[in-house]
Amino acid sequence: MPATPASPPSTASAPGHESEPSTPVPGRRTPDRVPPGVPPAGDATTPRRSGVALVASLLGFTVITIDVSAVNIALPAIRDSLGSGMSGLQWVVDAYTLMFAALMLSAGALSDRTGARRAYAWGITLFTLASLACALAPGIGVLIAARVAQGAAAAVVMPASLALIRQAYGDARARARAIALWTVGGSVAMAAGPVLGGLLTDSAGWRAVFLLNLPVGAVVLALLIRVPRSPRRPAALDLGGQLTAVLALAGLAFAVIEGGHMGWTSGPVLGAAALALASGCAFRVVEARHRQPMVPLTMLKDRRVAVSLAVGFAVNAAFYGGIFLLGLYYQQLRGMSAIEAGLMFVPMSAVVTATNLVSPRLAERVGRRPVIVVGQLVFTGAMLAMLPLAAHTPVWLVLVLLLPLSVGGALAVPALTALLMDTVPQERAGTASGLLNSLRQTGGALAVAVFGSLLVGPAGVFSLPGMRVGLVIVAALLLATALLARLLLPRA
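Nothing here was measured: the structure is a model prediction, and the numbers come from that model. (Residues numbered from 1 in each chain as written. Predicted model: local features only at pLDDT ≥ 70, side-chain atom pairs only at ≥ 80, totals over all residues. Heavy atoms only, no water.)

Draft legend 1. Layout of the overall build of the protein. The helix and strand tally for the protein stands at 17 helices and 0 strands. Split into buried and exposed, the 492 residues of the protein put 55% on the buried side. When the accessible surface of the protein is split by element, carbon and sulfur atoms take 67% of a total near 19,600 Å². (Helix = DSSP H or I, 4+ residues; strand = E, 2+ residues; numbered from the N terminus. Buried < 20%, exposed > 50% of the residue type's maximum accessible area, 1.4 Å probe, protein only. Areas by Shrake-Rupley, 256 points an atom, 1.4 Å probe, with all protein chains shown as cover.)

Draft legend 2. Region of the structure containing the packing of helix 2 (residues 86-114) against helix 4 (residues 140-168). The interhelical angle for the contact between helix 2 and helix 4, taken along N-to-C directions, is 30 degrees, at an axis separation of 7 Å. Considering their axes alone, helix 2 and helix 4 lie roughly parallel with respect to each other. With respect to the hand of their crossing, helix 2 and helix 4 are arranged in right-handed fashion. Looking at side-chain class alone, the contact of helix 2 with helix 4 contains 23 nonpolar, 5 polar and 1 charged residues. (Axes fitted to C-alpha atoms, helices over the stretch in contact; angles between N-to-C directions. Parallel < 35°, antiparallel > 145°, perpendicular 65-115°, else oblique. Left-handed = near helix turned anticlockwise from the far one by under 90°. Nonpolar A, V, L, I, M, F, W, Y, C, P; charged D, E, K, R; others polar.)

Draft legend 3. Layout of the pattern of salt bridges. Considering all chains together, one arrives at 4 salt bridges under this definition. A salt bridge links D302 to R304; the nearest nitrogen and oxygen atoms lie 2.9 Å apart. The class for R304 is partly exposed, based on a relative accessible area of 31%. (Salt bridge = Lys/Arg side-chain N within 4 Å of Asp/Glu carboxyl O.)

Draft legend 4. Focus on the side chain of S87. Along the polypeptide, S87 turns up in helix 2. By relative accessible area, S87 is classed as buried at 15%. Here the side chain of S87 touches E258 through a polar contact of 2.7 Å, side chain to side chain. Setting aside residues up to four positions removed in sequence, S87 forms contacts with I257, E258 and H261. (Polar contact = N/O pair within 3.5 Å; in protein donor to acceptor, adjacent residues only side chain to side chain. Contact = heavy atoms within 4.5 Å.)

Draft legend 5. The arrangement of the environment of M294 in detail. Residue placement: M294 occurs in the loop between helix 9 (267-289) and helix 10 (303-333). Once the C-alpha coordinates of M294 and S106 are considered, the two residues, 188 residues apart in sequence, prove to be 6.4 Å apart. Leave out the neighbours within four places in its chain, and M294 touches L105, S106, D238, G241, Q242, A245, F283, E287 and T431.

Draft legend 6. Representation of helix 2. Spanning 29 residues, helix 2 covers 40 Å between terminal C-alpha atoms, matching the ideal 42 Å at 1.5 Å per step. At M104, helix 2 shows its maximal bend, which comes to roughly 55 degrees. Looking one or two residues past helix 2, G115 carries a phi angle of roughly 95 degrees, positive in sign. (Expected span 1.5 Å × (residues − 1). Bend = angle between axes of the 7 residues up to and from the residue.)

Draft legend 7. Spotlight on the packing of aromatic side chains. Enumeration over the complete set of coordinates arrives at 6 aromatic pairs. For the ring pair W91 and F254, a centre distance of 6.2 Å and an interplane angle of 40 degrees mean the geometry is tilted. Here W91 is found in helix 2, whereas its partner F254 is found in helix 8 (residues 239-262), with 163 residues between them in sequence. For W91, a relative accessible area of 15% puts it in the buried group. Residue F254 is classed as partly exposed on the basis of its relative accessible area, which comes to 27%. Ring pairing ties together the aromatic residues Y329, Y330 and F345, which thus form one cluster. (Phe/Tyr/Trp six-rings, centres within 6.5 Å; stacked < 30°, edge-to-face > 60°.)

Draft legend 8. Highlighting a nonpolar patch on the surface. Taken together, the side chains of L357, V358, L362 and V366 make up a nonpolar region of the molecular surface, amounting to roughly 320 Å² of accessible area. Residue position: L362 is located in helix 12 (residues 346-366). (Patch = residues over 30% accessible without salt bridge, like charges linked within 9 Å, V, L, I, M, F, W, Y side chains within 5 Å.)

Draft legend 9. Summary view of the side chain of T201. Mapped onto the secondary structure, T201 falls in helix 5 (residues 172-204). A distance of 2.6 Å separates the side chain of T201 from the backbone oxygen of G197, its partner in a polar contact. Once residues lying within four places of it in the same chain are set aside, the contact partners of T201 are A74, A77, W206, V209 and A338.

Draft legend 10. Quick look at the nonpolar core. Counting residues in each nonpolar core, the largest one holds 99 residues, and the members touching the most others are Y330 and M383. Ranked by the residues each element gives to this core, the list is headed by helix 10, at 15 residues. Once residues lying within four places of it in the same chain are set aside, the contact partners of M383 are A318, L405, L471, V474, A475 and L478. (Core = buried A, V, L, I, M, F, W, Y, C linked by side-chain atoms within 4.5 Å.)

Draft legend 11. Structural view of the confidence of the model for the protein. For the protein, mean pLDDT is 82; residues scoring 70 or higher make up 87% of the total. pLDDT under 50 marks residues 1-44. Its contacts with residues more than four places away, or in other chains, come to 106 contacts. (pLDDT = per-residue confidence, 0-100.)

Draft legend 12. Main features of helix 7 (residues 213-224). For helix 7, which comprises 12 residues, the first-to-last C-alpha distance of 16 Å matches the rise-based estimate of 16 Å (1.5 Å per residue) to within 8%. Among the residues of helix 7, N213, G217, V220, L223 and L224 are the ones counted as buried. The buried residues of helix 7 occupy an angular sector of 125 degrees when projected down its axis, which confines them to one face. (Arc of directions from axis to C-beta.)

Draft legend 13. Representation of the packing of helix 12 against helix 13 (residues 368-385) within the structure. Packing of helix 12 against helix 13 brings their axes to within 7 Å, and their N-to-C directions diverge by 125 degrees. With respect to each other, helix 12 and helix 13 are oriented oblique. Only R368, P370 and V371 of helix 13 make contact with helix 12, whose side of the interface consists of S359, L362, A363 and V366. A per-class count over the contact of helix 12 with helix 13 returns 5 nonpolar, 1 polar and 1 charged.

Written as structure tokens, this is what we have:
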């Protein structure tokens, strides 16, 4: 499904870096490290403690997911309150998404090194404090900085939450059910986000969207006290690769966002583009030389992997770009209230959740490639179907036109993720999943940057022609990746 991260990075230990078991010393606490071949401590967890770990994981994953869609609905209120232009609103969204995307590449390794429970507690604490900073932000600059911290925290919470579930459930069937609940929770959170964001914004103001995270964070931290300590496993951190990845994505986002406002040939925009290019080249060099790179370049030579990543990028660009676009369209062009705009997303979210459940079964019957290709073609149709939208388009017709947007990505992503997981070796599953999620988030961030640059008309108001140009660009991207999938992916 496009709205929630699929198959988050596993926290499997890096091969070849296991440590020998340490000999216990009387009077000294044995380090919480687990030697090779010893089951995780969670295999012996009682059912009650397993349930506590699941609730804690689900709450954290839910709150970082809600934050994405709820904030989109609050953007017009943020603009009016803080006096921000379109560029500032784009950064409110992308500051979170870009840090989430960039740090996702190594967050799993951090969870391994520190232990899932400890990493999860750190992530939830930072996310809660950053949410408080967002709610108290006196200006758009402080809000954007706090959103950066939120995105960094979310990148830590995501893999650690799944690792807690894997630790708590030793039985494979019980673990599968728990992970299914975790996934459904993300779907429900994304569906509820716009409605909750609209309700809070209309009733208590946009700051309430962030204040909601504080009690949830406190509950999660209280639950973690009852979760057993997690084992720590050796895992290499690729700091050089991580730094260059952050710089490359930040430079690219700045160039795209500010290029539409400052001019594409302005000094800051050209400088940001140069930084993105130089950092991208440096990233490739660092990854080629690192003993355990976070992105093994050899893995990208497999065309199934490369195409899967390209499709994931395109699908999220369409979905997150569409959510950003529609939130502004409903409120700025049609004059809807925040809660009315949030309710407009309910039918779409329900169809997304239902299609997510159907997609795996359909892929088993007809093959993954047809499902992936058809999903992208439906999504392409969704972008083109939105072209006639105007200020006075009947509401019922708007909802009908958005049905393909609900189906396309939800049809393609489960089959796409399963294909990628079957393609890579087992020891690379976490790396591949992290890379897929990172590129999907990047696609969404860049789509927001492009749409935002096109949506501002000459008088600073919502531009229908700009919206249509953006829709055509995304439709062309989806069509191109659908063709790649049709030509390069195996049918079976």
